[in-house]
Amino acid sequence: MAVEAREPDQSPEIDLHFTKADLHDVVPYDNDLVVISVVTVGRRVHRVLIDQGSSADVMFWSTFNKLQLLADQLRPYGDCLYDFTRDQVEVRGNVELRTTFTDGTSSRTINIRYLVVNAPSAYNILLGRLALNRLGAVASTRHMKMKLPSLEGGVVTIKSDQKAAKKCYENSLKTKIGVCAVTAHAQEVEGVTRTEIAREKRPEPVGEVQEREIGGKKFKLGKSLSQEMQN
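Residues numbered from 1 in each chain as written. Predicted model: local features only at pLDDT ≥ 70, side-chain atom pairs only at ≥ 80, totals over all residues. Heavy atoms only, no water.

Visitor: Explain the overall build of the protein chain to me, please; I cannot follow it from the model alone.
Guide: From N to C terminus, the protein chain includes five helices and 14 strands. Residue burial in the protein chain is summarised as follows: out of 231 residues, 37% are buried. The contacts of the protein chain with a sequence gap of at least 6 include a subset with a gap of at least 24, amounting to 63%. Summing over all exposed atoms, the protein chain offers an accessible surface of approximately 14700 Å²; the carbon and sulfur share of this is 49%. (Helix = DSSP H or I, 4+ residues; strand = E, 2+ residues; numbered from the N terminus. Buried < 20%, exposed > 50% of the residue type's maximum accessible area, 1.4 Å probe, protein only. Contact = heavy atoms within 4.5 Å. Areas by Shrake-Rupley, 256 points an atom, 1.4 Å probe, with all protein chains shown as cover.)

The structure is reproduced here in structure tokens:
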């Protein structure tokens, strides 16, 4: 018989502080995102975005393949994901992986269930509120660091890779690839989901419609508006 030791679900409650000393190795005034690296499946994965606006922990399909994971490791995922443009994102499934956060001196390892998303991104992984809350982690864009408690009662301080953050941002602009922040459910507006809004028909002119040419392009206008333009 084998017994697997698992870390407690709740993170140790200790105070996390950011001080002036945390600013010494920071390139100032760049307003970069916090981008770190983690270790999973025995490999170090770079370009991991700390995305507190995401309600899910996301691994992109290209990263899944680079880690040489098998498709049969994926578990079905029934809900939908939506990006910040309100478009639905294709989810291949979810996979639970042991993920280690280390600063070279101390470390912390937890199981993270990643939603594997087939969408373009300049990043390999998005760490959302689920993982951050389990870790008890706090990220500071001013100090370009993320701090989290270790199980021994210490503090793991992970420095953001500002060069990688800047490169990812520039690549997003050049290739028009979004960060792809996601929400696990379609948001509702006064009881109407975004999916229902997307299915609604566009506004149509009321009454008789006439076709007019404006600037070399043809448009369908209501008869009253067409007459006003003629006058």
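This is not the end of the story, as more comes after the structure.
Visitor: Looking at this structure, I do not really get the pairing of strand β10 (residues 155-159). What am I missing?
Guide: The side chains of a regular strand alternate between the sheet's two faces. On β10, burial follows the alternation: Val 156 and Ile 158 on one face are buried, whereas Val 155, Thr 157 and Lys 159 on the facing-out side are not. Summarising the sheet, strand β9 (residues 145-149) and β10 pair through five bridges and their orientation is antiparallel. Looking at the pairing, Lys 147 lines up with Thr 157 of β10. Connecting β9 to the antiparallel partner β10 that follows it, the hairpin turn spans five residues, and Gly 153 within it adopts a positive phi of roughly 95 degrees. (Pairing = 2+ DSSP bridges.)

Visitor: Just checking my understanding: could you explain the pairing of strand β1 (residues 35-40) for this structure?
Guide: The element β1 is largely enclosed, with a buried count of five among its six residues. Pairing analysis gives five bridges linking β1 to strand β2 (residues 43-50), with the strands arranged antiparallel. Within the sheet, the bridge partner assigned to Val 35 lies in β2 and is Leu 49. Here β1 folds back onto β2 in antiparallel fashion, the turn holding two residues, of which Val 41 has a positive phi close to 55 degrees. By the bridge criterion, two bridges tie β1 to strand β5 (residues 88-102) in an arrangement that is antiparallel. The partner of Val 39 across the bridge, within β5, is Thr 100.

Visitor: Got a minute to help me understand the side chain of Ser 140 in this structure?
Guide: With respect to the element layout, Ser 140 can be found in strand β8 (residues 138-140). Judged by relative accessible area, Ser 140 falls into the buried class, the value being 11%. In this structure, Ser 140 is in contact with Phe 18, Val 34 and Lys 145, ignoring residues within four places of it in sequence.

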